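Report on the structure
Next come the chains, spelled out residue by residue.
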Amino acid sequence: MSDIAKNIFQIKNRLRNAALKAGRDPETITLVAVSKTKSLADVRAAFEAGQFVFGENYAQEMAAKAAELKDMKIEWHFIGHLQKNKAKLVAPVASWIETIDSFELATAVARRSPVPSAVEGSLVAQKIKCLIEVNVGDESSKSGCGPQDILPLARRIETLQNLDLQGLMIIPPFNPDPEFGRPYFKKLRELLSDLNGKLDRPKPFTQLSMGMSHDFEVAIEEGATIVRVGTAIFGERS
Ligand SMILES: *Cc1c(COP(=O)(O)O)cnc(C)c1O
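Everything numeric in this text was worked out from a predicted model, so none of it was measured.

Cut-offs applied
Residues numbered from 1 in each chain as written. Predicted model: local features only at pLDDT ≥ 70, side-chain atom pairs only at ≥ 80, totals over all residues. Heavy atoms only, no water. Near = heavy atom within 4 Å. Polar contact = N/O pair within 3.5 Å; in protein donor to acceptor, adjacent residues only side chain to side chain. Areas by Shrake-Rupley, 256 points an atom, 1.4 Å probe, with all protein chains shown as cover. Nonpolar A, V, L, I, M, F, W, Y, C, P; charged D, E, K, R; others polar. Phe/Tyr/Trp six-rings, centres within 6.5 Å; stacked < 30°, edge-to-face > 60°. Buried < 20%, exposed > 50% of the residue type's maximum accessible area, 1.4 Å probe, protein only. Helix = DSSP H or I, 4+ residues; strand = E, 2+ residues; numbered from the N terminus. Expected span 1.5 Å × (residues − 1). Arc of directions from axis to C-beta.

Residues in close proximity to the ligand include Val34, Lys36, Asn57, Ile79, Ile171, Met212, Ser213, Arg228, Val229, Gly230, Thr231 and Arg237, which together make up its full environment. Take glycine 230: an N or O atom from its main chain is 2.8 Å from an oxygen atom of the ligand. Separating an oxygen atom of the ligand from a side-chain N or O atom of threonine 231 is a distance of 2.5 Å. In isolation the ligand offers 390 Å² of accessible surface; the protein chains occlude 91% of this area. Residue composition of the shell around the ligand, by class: five nonpolar, four polar and three charged.

Written as structure tokens, this is what we have:
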């Protein structure tokens, strides 16, 4: 077994144990393997080990990898800061965009995503699933919308027929202590519940993307449904 395959096996075990310990169903948690800066061979190794969901931070890199790996049924999540003028690179290949933080960006993505139409016959275009990236007062980060902007942004995203809003995402300031992120994860869960309370939708939003290599177990305890793990699968990035 390759190191990558072993790491994936171990991370899935840890994910499962964390879920069970928290009284949650492990099947409701998606592991995103964050492959930014890593080679195509690394992505293939992970894919062969049964990992089908990958995350990328840079628009060009994601577009290039998706093109090279077209033969594999990969679900790509875009998790980096997205500039509006790069939406055209990401929208055609991303199944998920986790970092929507303005209506302008949402519109740019929606404009670039395939419009569901009868012209293509049986080919049904997929809506892009998306998350609102939230910033709860991290001064060092310029991305993410403030808590007070979530509700108006969600209402506006819901008017875009090519996007399918699923929930919220957060990147807390980095700190190697796994417990450091806990208050941020708690806060994100409360914000999702507030949002669901205020929006009168038939189905509540359910997705919380939070937790990375060093703190995904804490995030799972706090309700993460998507964890984004890079280093613990692929090793350190140079
Ligand atoms: C790089 C990155 C990750 C993965 O971080 P690791 O510490 O390598 O697990 C997760 N989420 C985002 C947004 C990232 O940029």
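On to the packing of aromatic side chains. According to the stated counting rule, one finds three aromatic pairs in the structure shown. Their ring planes at 70° and their centres at 5.2 Å tell us that phenylalanine 47 and phenylalanine 52 sit as a pair that is edge-to-face. Note on phenylalanine 47: relative accessible area 18%, which makes it buried. Between phenylalanine 54 and tryptophan 76, the ring centres sit 6.0 Å apart and the planes meet at 45°, which makes this aromatic pair tilted. Of this pair, phenylalanine 54 sits in strand S2 (residues 53–56) while tryptophan 76 is found in strand S3 (residues 75–78), placing the two residues 22 residues apart along the sequence. Among the residues examined, phenylalanine 54 registers a relative accessible area of 0% and is labelled buried. On the basis of relative accessibility, which here comes to 4%, the residue tryptophan 76 falls in the buried class.

For helix H1 (residues 3–21), with 19 residues, the first-to-last C-alpha span of 27 Å sits near the 27 Å given by 1.5 Å per residue. Along H1, the positions that sit buried rather than exposed are Ile4, Ala5, Ile8, Ile11, Leu15, Ala18 and Ala19. All buried residues of H1 fall inside an arc of 155° around its axis, so they share one side. Among the exposed residues of H1, those oriented more than 90 degrees off its buried face are Asp3, Phe9 and Lys21. Just downstream of H1 lies glycine 23, where phi reads positive at about 70°.

Treat this as a map of the structure, not an account of what it does.
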